[in-house]
Amino acid sequence: MEQIIVDKTVEAIQLLYHHSIDSKLVQLQKTKKEFVGDLTLVVFPFLQISKKSPEQTATEIGNFLVNSVEDVENYNVVKGFLNLTINSNHWFSVLNKISQDSNFGTFSDSGKVFMVEYASPNTNKPLHLGHLRNIFLGYSVANILKANGHTVYKTQVINDRGIHICKSMLAWQKYGNSETPVSTEMKGDHFVGKYYVEFDKAYKKEINELVEKGMDKETAEKEAPIFKEAQIMLQKWESGDENIVSLWKTMNSWVYEGFDVTYKTMGVDFDEIYYESDTYLLGKNYVEQGLKNKIFYQKEDGSIWCSLKDDKMDDKLLLRADGTSVYITQDIGTAIERYKKHPSLNGLIYTVGNEQNHHFKVLFTLLKKMGYNWAEGCYHLSYGMIELPEGKMKSREGTVVDADDLMCSIIQDAKTSTQERGHVENLSETEKENLYKMIGLSGLKYYLLKVDPKKGMVFDPKESIDLNGNTGPFIQYTYARIQSLLEKGKKLNYIAKISTVQSNEKEINLIKLMNEYPSVIKEAGVNYSPAILCNYIFELVKEFNNFYQTIEILREENKSKLEFRLALSENVGKIIKSGMNLMGIEMPLKM
RNA sequence: GGUCCCGUAGCUCAGCUGGAUAGAGCAACUGCCUUCUAAGCAGUAGGUCACAAGUUCGAAUCUUGUCGGGAUCACCA
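Computed from a predicted structure; not experimentally measured.

1. Overview of the protein's contact with RNA strand B
The local shell around RNA strand B holds 62 residues, among which Phe81, Asp314, Tyr477, Tyr548 and Arg555 are the closest. When the atoms of RNA strand B within 4 Å of the protein are sorted by group, sugar and phosphate make up 65%. At a separation of 3.2 Å, a base nitrogen of RNA strand B approaches a polar side-chain atom of asparagine 83. Take asparagine 535: an N or O atom from its side chain is 3.4 Å from a sugar or linking oxygen of RNA strand B. Contributing elements (two or more residues each) for the surface near RNA strand B: strand S2 (39-42), strand S4 (81-86), helix H15 (357-369), helix H16 (403-421), helix H18 (472-491) and helix H21 (530-550).

2. Some points on the environment of threonine 180
Checked against the element boundaries, threonine 180 lands in the loop between helix H6 (163-175) and helix H7 (181-184). Take threonine 180: its relative accessible area is 24%, and that puts it in the partly exposed class. For threonine 180 and tryptophan 254, which are 74 residues apart along the polypeptide, the C-alpha to C-alpha distance reads 8.7 Å. For threonine 180, the residues in contact, after removing those within four places along its chain, are Phe191 and Trp254.

3. Some details on empty space enclosed by the protein
If you walk through the whole model with that rule in mind, you get one cavity of 30 Å³ or more. Taken as a whole, the largest cavity encloses approximately 40 Å³ of empty space. For the largest cavity, the full set of lining residues is Arg133, Leu137, Tyr383, Leu448, Leu449, Val451, Pro453, Pro530 and Ala531. Secondary structure elements with two or more residues in the lining of the largest cavity: helix H5 (129-147), helix H17 (429-449) and H21. Of the residues belonging to the lining of the largest cavity, the class tally is eight nonpolar, no polar and one charged.

4. Some details on the packing of aromatic side chains
Any aromatic ring pair is given by two values, namely how distant the centres are and how the planes are angled relative to each other. For the structure shown, the criterion picks out 26 aromatic pairs. Summarising the aromatic geometry, the rings of phenylalanine 199 and tyrosine 203 are spaced 5.6 Å apart at their centres and angled 40° between planes, so their arrangement reads as tilted. You can see phenylalanine 199 and its partner tyrosine 203 sitting in helix H8 (residues 188-212), four residues apart, about one turn around the helix. Across the pair, tyrosine 203 and phenylalanine 199 agree in class, each one buried.

5. A look at the state of the cysteines
On inspection of all chains with the given rule, the structure shows zero disulfides. Left without a disulfide partner, cysteine 378 is nearest to the cysteine sulfur of cysteine 306, which lies 16 Å away. On the basis of relative accessible area, cysteine 378 is assigned to the buried category, the value being 8%.

6. Section: the sheet that holds strand S1 (residues 27-30)
One open sheet holds the four strands; their spatial order is S1-S2-S4-S3, and the pairing between them is antiparallel. The open sheet has two edge strands, S1 and strand S3 (72-78), and neither has a second partner. Recorded for the sheet is a direction-independent mean angle of 25° between the axes of neighbouring strands. In this fold helix H3 (residues 54-68) packs onto S2, S3 and S4, with an angle of close to 175° to the strand it touches most, S3.

7. Quick word on H3
A rise of 1.5 Å per residue sets the reference length of H3, with its 15 residues, at 21 Å; its end C-alpha atoms lie 21 Å apart and thus fit the reference within 8%. All of the buried residues along H3 are Thr57, Ala58, Glu60, Ile61, Gly62, Phe64 and Leu65. Buried positions along H3 lie against helix H1 (2-17), S2, helix H2 (47-50), S3 and S4.

8. Description of the pattern of salt bridges
On inspection of all chains with the given rule, the structure shows 27 salt bridges. For lysine 154, the salt bridge identified is with aspartate 269, shortest N-O distance 2.7 Å. Taken together, the residues span a long stretch of sequence, with lysine 154 in strand S6 (residues 151-158) and aspartate 269 in the loop between helix H11 (242-266) and strand S7 (272-275) at a distance of 115 residues. In this structure aspartate 269 comes out as partly exposed when scored by relative accessible area, which is 37%. Residues lysine 369 and aspartate 311 are paired through a salt bridge, measuring 3.3 Å at the closest nitrogen-oxygen approach. Pair noted here: lysine 369 is in helix H15 and aspartate 311 is in the loop between strand S9 (304-306) and strand S10 (316-319), with a separation of 58 residues, a long-range link. Aspartate 311 gets classed as partly exposed once you look at its relative accessible area, which sits at 31%.

9. A few points about unusual backbone geometry
Backbone geometry places glutamate 185, a non-glycine residue, at a positive phi of 55°. Its place among the elements puts glutamate 185 in the loop between H7 and H8. The class for glutamate 185 is exposed, based on a relative accessible area of 75%.

Basis of the calculations
Residues numbered from 1 in each chain as written. Chains lettered and ligands numbered in written order. Predicted model: local features only at pLDDT ≥ 70, side-chain atom pairs only at ≥ 80, totals over all residues. Heavy atoms only, no water. Near = heavy atom within 4 Å. Polar contact = N/O pair within 3.5 Å; in protein donor to acceptor, adjacent residues only side chain to side chain. Helix = DSSP H or I, 4+ residues; strand = E, 2+ residues; numbered from the N terminus. Buried < 20%, exposed > 50% of the residue type's maximum accessible area, 1.4 Å probe, protein only. Contact = heavy atoms within 4.5 Å. 1 Å grid on protein atoms, 1.4 Å probe; cavity = no way out; pocket = protein on both sides within 12 Å on 5 of 7 lines; lining within 4 Å. Points joined across faces, edges and corners; volume = space filled by probe spheres on them. Nonpolar A, V, L, I, M, F, W, Y, C, P; charged D, E, K, R; others polar. Phe/Tyr/Trp six-rings, centres within 6.5 Å; stacked < 30°, edge-to-face > 60°. Disulfide = S-S within 2.5 Å. Pairing = 2+ DSSP bridges. Axes fitted to C-alpha atoms, helices over the stretch in contact; angles between N-to-C directions. Expected span 1.5 Å × (residues − 1). Salt bridge = Lys/Arg side-chain N within 4 Å of Asp/Glu carboxyl O.

This is the structure:
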């Protein structure tokens with residue numbers, strides 16, 4: 001429809017003012033609520049061509065469109081705005097098309113392939129609130145890309161080696177008394193995290209003791225015996241020491257068991273998992289190759305660098321003087337590895353916090369310098385940090401909001417408020433538990449996804465997440481109402497059916513909104529932004545609630561109207577569910 | 001200091017490829033359940049869109065500068 005009007009407007013300008021214009025000049029937008037009409041054409045850009053007043057130009061174009069486009073029924077002019085009214089038959093046929101398309105909103109195979117990396121946990125402690133935002137965001141973006149017709153590989157990188165895990169290992173060796181997650185009845189990741197904290201306590205104590213003996217703090221941090229021990233452990237791990245490797249495997253396996261539980265509660269999954277222990281040596285060869293090709297340079301001490309002067313950044317170290325790699329060396333290696341494994345990849349998306357903006361800018365620049373054209377397709381999906389009211393989360397100060405605890409408490413909140421309302425008494429216990437989980441998680445996920453990813457956000461753990469207003473449960477509630485309507489309709493032997501009926505404005509508004517769904521999916525995909533989808537669904541749901549509360553549906557006397565409204569509701573429900581599912585949020589039949 | 005991001009109602013956020021009188025939610029206040037689920041709906045109140053210039057018929061939106069907040073520029077990961 002929009003395209004037809006744009007084309008016809010170009011034609012109108014040609015005929016009326018003998019001027020051919022680019023269709024990009026034609027600005028067609030939704031008519032604002034306070035004016036009459038469906039679509040609005042902004043005529044200001046044509047004034048120079050028409051050499052007439054805005055009103056007159058708009059009137060002339062309006063006349064032309066009404067006469068030449070069948071579904072343009074009427075128009076009115078306000079200043080330079082030409083408001084067009086579209087025939088309601090057109091909207092009926094739109095609804096009809098939506099109702100017949102079981103995958104409405106999703107696009108057919110684009111032939112493009114993307115990889116989305118959306119988790120990169122360390123194995124020395126449990127997941128926290130920051131991980132939740134990261135993972136929900138990446139998971140949702142992966143789904144949105146799929147809906148856009150792309151093939152998507154979801155992947156995570158596990159930072160399973162390094163000094164951090166050695167710290168946990170060492171503390172466990174020293175103070176663990178051979179206890180295990182089973183013997184202590186602790187979740188594995190929390191268990192290992194406990195020893196990370198133990199290490200830190202002991203480490204701090206040693207530092208203080210050294211400082212008291214007169215050592216300056218910086219030296220003390222390097223000289224503390226337990227720290228040195230951890231470093232020795234890391235060296236042993238790197239040389240393949242059997243005992244250390246075996247301990248490492250055991251402790252990591254505890255962590256993975258814990259992560260699996262958390263991921264399951266979160267409702268996310270991965271197609272591929274990369275372990276840093278497998279990949280941390282990759283990249284060295286490529287750097288050495290780059291040195292030969294004179295893309296990089298070597299300093300006198302033997303360290304290898306890349307000059308980024310042309311890109312207005314400081315030079316970047318790629319290999320230390322002793323030949324060991326730094327973080328970015330690994331990232332170069334893994335990126336190349338991924339493209340080798342999936343040569344058809346069109347894009348590689350890293351869902352990582354904005355504190356690493358610079359890192360990824362450097363990484364992509366390096367890859368381009370090394371001649372990998374696919375680096376153009378690499379994208380850093382950067383998201384803002386979550387802060388507490390008192391500032392950043394600090395693991396050392398114990399202010400980190402734990403992912404498991406948070407999910408547990410919001411599910412508990414959902415349980416309390418669901419029970420207060422008492423709509424679900426006749427569900428079984430399992431169904432109820434499921435429902436509480438569904439509601440609680442929708443509150444959390446929606447809360448984290450509705451904000452533009454790149455913006456930071458403040459989270460107050462003392463205030464429970466709201467379940468009214470612009471929230472996941474509000475949307476679920478609307479969905480449940482629709483399902484209840486449909487079920488009652490069925491019992492009364494009505495079927496959802498679209499026919500040409502006398503329609504009202506609210507019904508047409510709903511169809512217009514539904515019609516936008518595919519373009520919203522597209523926009524959310526292009527911008528990697530579930531927030532765009534959230535806003536759209538919220539708008540749709542608000543519009544539906546307004547309709548629901550003011551228009552009679554099952555009480556309508558005219559059967560065709562009643563069945564039309566059922567069909568309308570059913571399709572609104574379909575879109576709500578589809579959109580929310582893309583964000584990993586499930587919809588209940590009752591709540 | 002260099003680079004990047006952000007600043008919209010008391011709070012949390014939309015709107016930003018320039019378009020009509022800047023919108024939601026929360027909190028506050030007023031109505032609405034003998035009628036399809038009140039986790040709802042309708043309404044009232046709340047704004048120098050950080051500030052200042054510039055471009056334009058038109059700026060919250062684009063440019064520049066100022067102020068305020070954050071991130072980063074590690075032989076940490």
